[in-house]
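What follows is the residue order along each chain.
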Amino acid sequence: MEINKLTEGMNDEFDSTTPCVLALGFFDGVHLGHQQLITQAKQAAIQAHLPLHVLTLDRHASTLFNPDRPFPYLTTLSEKANLMAALGVDRLYVATFNRVFANLTPLTFVNRYLVGLGAQQVVVGFDYTYGRRGAGTVNSLQLMSQGRFTVQIVDAVTSEQQKVSSTRIRGLIMAGQLDEARVLLGHDGQVLHDHRLTEMHEFQSQLI
């Protein structure tokens, strides 16, 4: 799997020469919900005879605005990349979440990161947001596509009538309920071996 880092304000142009199916998300933990989204994106890529690319961020948005508050990651970027590769992702884009990126309007994000990266089809979770203050939603994404790409929205994966989410898994790990967390992760990640979450300084030391 190819890995490319994108830094807003430093990359004048992105590689749009390769049409692709593009999956979007932070994907912390690459849990069952994330795996479902990436699997559906891979199926779409195979049907369209296109490569599957994924766009993620190098850190959680909260760490930009609250730098003194460590964020409890489920996976490092390196582990996330390995899990993505195992799911059949052909290229992983890691965007630097800095203040310039955080202030992009939803339309600028779409034009620069989706159209600019050659997306023919975009695959997102039902609750995906983007652009300044998360103003963009899956509904506005379809409007902003303007026929340049199609949008596939993936529903939530549930367990015991609750959404499988990174937040839920963090809570289980913090409560010592590792078996339950393992089921929702769908893999035996490093966080389960360590019995602790990955603090921000450790995560940032393993940037790709």
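Attention here is on the structure that accompanies the text. Bear in mind that the values here come from a model prediction, so they are computed numbers and not experimental data.

**Considerations on the environment of alanine 119**
Locating alanine 119 in the fold gives a position in strand 5 (residues 119–125). Assessed through its relative accessible area of 4%, alanine 119 is described here as buried. Put simply, alanine 119 and leucine 50 are 69 residues apart on the chain and 9.9 Å apart in space, counted from C-alpha to C-alpha. Excluding anything up to four places from it in sequence, alanine 119 contacts Cys20, Leu22, Leu114, Arg148 and Phe149.

**Considerations on the nonpolar core**
Soluble, globular proteins show a tendency: their nonpolar side chains are buried together. Membership of the largest hydrophobic core comes to 31 residues, with the highest contact counts inside it found for Leu55, Phe109, Leu114 and Leu141. The element that contributes the greatest number of residues to this core is helix 5 (residues 106–115), accounting for four residues. Non-local contacts of leucine 114, meaning those with residues more than four positions away in its chain, are made with Leu22, Leu24, Phe109, Ala119, Val122, Leu141 and Phe149. In terms of nonpolar packing, the next biggest core, distinct from the first, is built from 19 residues, Val54, Leu83, Leu92 and Val94 among them.

**Considering the sheet that holds strand 4 (residues 91–95)**
Within a beta sheet, neighbouring strands are joined by backbone hydrogen bonds and run either parallel or antiparallel to one another. Pairing is parallel across the open sheet formed by six strands, whose spatial order is 1-4-3-2-5-6. Only two strands of the sheet have a single partner each, and these edge strands are strand 1 (2–6) and strand 6 (150–154). Within this sheet the neighbouring strands show an average axis-to-axis angle of 20°, counted without direction. Inspection of the sheet shows strand 1 paired to strand 4 by five bridges, in the parallel sense. The residue bridging glutamate 2 from the neighbouring strand is arginine 91, located in strand 4.

**A word on the pattern of salt bridges**
Two side chains bearing opposite charge may form a pair once their charged atoms approach each other closely. Inspection of the entire model under this criterion finds six salt bridges. Linking glutamate 2 and arginine 91 is a salt bridge whose minimum nitrogen-to-oxygen distance equals 3.4 Å. Placement of glutamate 2 in strand 1 and of arginine 91 in strand 4 is noted, with a sequence separation of 89 residues between them. Note that lysine 42 and aspartate 90 form a salt bridge whose closest N and O atoms lie 3.5 Å from each other. A residue pair is termed long-range when its members are at least 10 positions apart, and lysine 42 in helix 1 (residues 32–48) and aspartate 90 in the loop between helix 3 (77–86) and strand 4 qualify at 48 residues. Given a relative accessible area of 34%, aspartate 90 falls into the partly exposed group.

**Things to note about the pairing of strand 4**
For strand 4, the tally of buried residues reaches five of five residues, placing the bulk of the element in the interior. Here strand 4 shows no split at all, with Arg91, Tyr93 and Ala95 on one side and Leu92 and Val94 on the other all buried. As defined by bridge partners, strand 3 (residues 52–57) adjoins strand 4 across five bridges and the pair is classed as parallel. Each residue of the ladder has a partner; that of valine 54, found in strand 4, is leucine 92.

**Here's the deal with the packing of aromatic side chains**
Enumeration over the complete set of coordinates arrives at nine aromatic pairs. On the numbers, 4.9 Å between centres and 65° between planes, the contact of phenylalanine 71 with tyrosine 73 is edge-to-face. Residue phenylalanine 71 shares its accessibility class with tyrosine 73, and that shared class is buried. Pairing phenylalanine 109 with tyrosine 113 gives two aromatic rings, centres 5.5 Å apart and planes at 20°, and the pair type is stacked.

Cut-offs and rules
The residue count restarts for each chain, going from 1 along the sequence in the order it is written. Owing to the predicted nature of the model, reporting of local features is limited to residues with pLDDT of at least 70; listing and counting of side-chain atom pairs is limited to 80 or more, with chain, interface and lining totals taken over all residues. Hydrogen atoms and water are omitted, and side-chain values are computed over all heavy atoms in the structure. Here a helix means four or more residues in a row that DSSP labels H or I, a strand means two or more in a row labelled E, and each is numbered from the N terminus. A 1.4 Å probe rolled over the protein chains alone gives each residue an accessible area, and that area as a share of the maximum for its type sets the label: buried under 20%, exposed over 50%, partly exposed in between. Whether two residues touch is decided by their heavy atoms; if any such pair falls within 4.5 Å, the residues are in contact. In plain words, nonpolar cores are sets of buried Ala, Val, Leu, Ile, Met, Phe, Trp, Tyr and Cys residues tied together by side-chain atoms within 4.5 Å. Any two strands with at least two DSSP-identified bridges between them are counted as paired. Between the N-to-C directions of two axes lies an angle of 0 to 180 degrees, each axis being a line fitted to C-alpha atoms and, for a helix, fitted only over the stretch in contact. Salt bridges are counted wherever a side-chain nitrogen of Lys or Arg sits within 4 Å of a carboxyl oxygen of Asp or Glu. Only the six-membered ring of Trp is used, alongside the rings of Phe and Tyr, when aromatic pairs are assigned; centres must lie within 6.5 Å, and planes under 30 degrees apart are stacked while those over 60 apart are edge-to-face, with the rest tilted.

By themselves, these figures tell us nothing about what the structure is for.
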